[in-house]
Amino acid sequence: MAKAYEIRHPAYDAVARTLHWLTVLLVAMQFVIGWTMPDVHKDTQPVNLIAWHLGVGATLVAVMAIRVIWRLTHGPTPDELPPLLSVASRITHVLLYAALGLVPLLGWINASSRGWTVRLAGVVSYPALSESGSAFGHAMGDVHGILAWVLLALICLHVVAALFHRFVLKDHVLQRMLPHAGPSRDQRRER
Ligand code: HEM
Ligand code: HEM
C-alpha cells in the first residue's frame, strides 16, 4: 500500500531525477569554472579552463535538450500543494528552465562570435550561432555573465524552498526528487 504522503506527492521518475541531479552537477561546475577562468579578451584562446567551460557547457546544452523533451513528453509530476504554493513553485520552475536555456545559449552565441567552436565530448561540433566578430555576439557575453547571477538567485530560492518543504512543512516534496524516492506515478499505475 502506498503511504499517504506518496499519494499526495508521487516521486519523480528515475530519468527525471537523474537528469535533475546531472544538471545540478554541470551547472555547479559551470559556476566554478566561469568564476575562476581567466578574463576573456579579444585575443584570448579557448584553452585550459576556458576549454573546460565550453566542453562542460556543450554537455549541459545536450542534457537540457533531453530534459526538456522528457518533461514535455511526460508532463508534470502532480502534487497537492495549497494553490498559492503550487503557483509559486510552478513560476519558479518555469523561470529556472528559462534561465537554464538562456544562459548556455548566450554563452554559446558569444563563443561563436569569438570564432570558437563548441564541441560535445571534443567530437561533435555544434553549429555557430553568430558570425565571427559579430557585435551582437560580443554583447551577449555580458548578458551571459549577468543572467548567470539571476540563475544563481533562482537556484538559491529553489533550494531554500526545498529545505522549507523538508523541515517546516515536513511533506514529501524534497524526498520525491531524491534516490529511493518511492514509486513514481507511472509505476503506481502499472501495479
Ligand atoms: C548554466 C550554465 C553556465 C553558467 C552558470 C556560466 C557561467 C559563466 C560565468 C560566471 C562567466 C564569467 C562571466 C564574467 O566574468 O563576466 C562565464 C563566461 C563565459 N561563458 Fe559561461 N556559463 C554557462 C554556460 C556556458 C556555455 C554553455 C557556454 C558556451 C557553450 C559558455 C560560454 C562562456 C563564454 C564564451 C564566456 C566568456 C564571456 C565573456 O567574457 O565575454 N558558458 N560563464
Ligand atoms: C543547479 C541547481 C538546481 C537547478 C538548476 C534545479 C532545477 C530544478 C527544476 C527546473 C525543477 C523542476 C522539475 C520539473 O518539474 O520539471 C526542479 C525540481 C526540484 N528540485 Fe531542483 N534544481 C537545483 C538544485 C536543487 C537542490 C540542491 C535541491 C535540494 C535541496 C533541489 C530539489 C528539487 C526538488 C525537491 C524538486 C521537485 C519540486 C517539486 O516537486 O515541486 N534542486 N529543480
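What you see is a predicted model; the values in this text were computed from it and never measured. (Residues numbered from 1 in each chain as written. Chains lettered and ligands numbered in written order. Predicted model: local features only at pLDDT ≥ 70, side-chain atom pairs only at ≥ 80, totals over all residues. Heavy atoms only, no water.)

### Section: the overall build of the chain
When you go through the chain residue by residue, the secondary structure sums to six helices and two strands. The N-to-C order of helical and strand elements in the chain reads α-α-α-α-β-β-α-α. In terms of overall dimensions, the chain has a C-alpha envelope of 65 × 30 × 25 Å along the principal axes. Burial status across the chain gives 35% buried among its 191 residues. Taking as baseline every contact in the chain between residues at least 6 positions apart, the subset at least 24 positions apart corresponds to 73%. Here the chain has roughly 11700 Å² of accessible surface; of this, 70% comes from carbon and sulfur atoms. (Helix = DSSP H or I, 4+ residues; strand = E, 2+ residues; numbered from the N terminus. Buried < 20%, exposed > 50% of the residue type's maximum accessible area, 1.4 Å probe, protein only. Contact = heavy atoms within 4.5 Å. Areas by Shrake-Rupley, 256 points an atom, 1.4 Å probe, with all protein chains shown as cover.)

### Here we look at the coordination of the iron atom of ligand 1
Those protein atoms acting as donors to the iron atom of ligand 1 are His53 (NE2) and His144 (NE2), and they sit at 2.0 Å. Because the angles between the six donor atoms bound to the iron atom of ligand 1 fall within 87 to 179°, the donor set is best described as octahedral. Separated by 91 residues along the polypeptide, His53 in helix 3 (residues 48-74) and His144 in helix 5 (residues 135-169) bring together distant segments of the chain. Just as His53 is buried, His144 falls in that class too. (Donors = N, O, S within 2.8 Å, 3.2 Å for Na, K, Ca; no water. Tetrahedral: all angles 85-135°; square planar, octahedral: opposite > 155°, others 65-115°.)

### Things to note about the environment of Gly55
Turning to its location among the elements, Gly55 is positioned in helix 3. For the pair Gly55 and Val68, spaced 13 residues apart in the sequence, the C-alpha separation amounts to 20 Å.

### What to know about the coordination of the iron atom of ligand 2
Every protein donor of the iron atom of ligand 2 is listed here as His20 (NE2) and His158 (NE2), and their distances to the metal cover 2.0 Å. Around the iron atom of ligand 2, the six donor atoms are arranged such that angles at the metal cover 87 to 178°; this shape is classified as octahedral. Of the two residues, His20 sits in helix 2 (residues 14-36) while His158 sits in helix 5, which places them 138 residues apart along the sequence. You can call His158 partly exposed: its relative accessible area is 25%.

### Re the site of ligand 2
Close to ligand 2 lie 19 residues; His20, Arg71, Tyr97, His158 and Arg176 are nearest. Residue Tyr97 places a side-chain N or O atom 2.6 Å away from an oxygen atom belonging to ligand 2. Residue assignment for the shell around ligand 2 shows that the elements contributing at least two residues are helix 2, helix 3, helix 4 (83-113) and helix 5. Here the residues of the shell around ligand 2 sort into 13 nonpolar, three polar and three charged. (Near = heavy atom within 4 Å. Polar contact = N/O pair within 3.5 Å; in protein donor to acceptor, adjacent residues only side chain to side chain. Nonpolar A, V, L, I, M, F, W, Y, C, P; charged D, E, K, R; others polar.)

### Regarding the environment of Arg71
The residue Arg71 is located in helix 3 in this model. Judged by relative accessible area, which is 35%, Arg71 ranks as partly exposed. What Arg71 contacts, discounting residues up to four positions off in sequence, is Pro76 and Tyr97.

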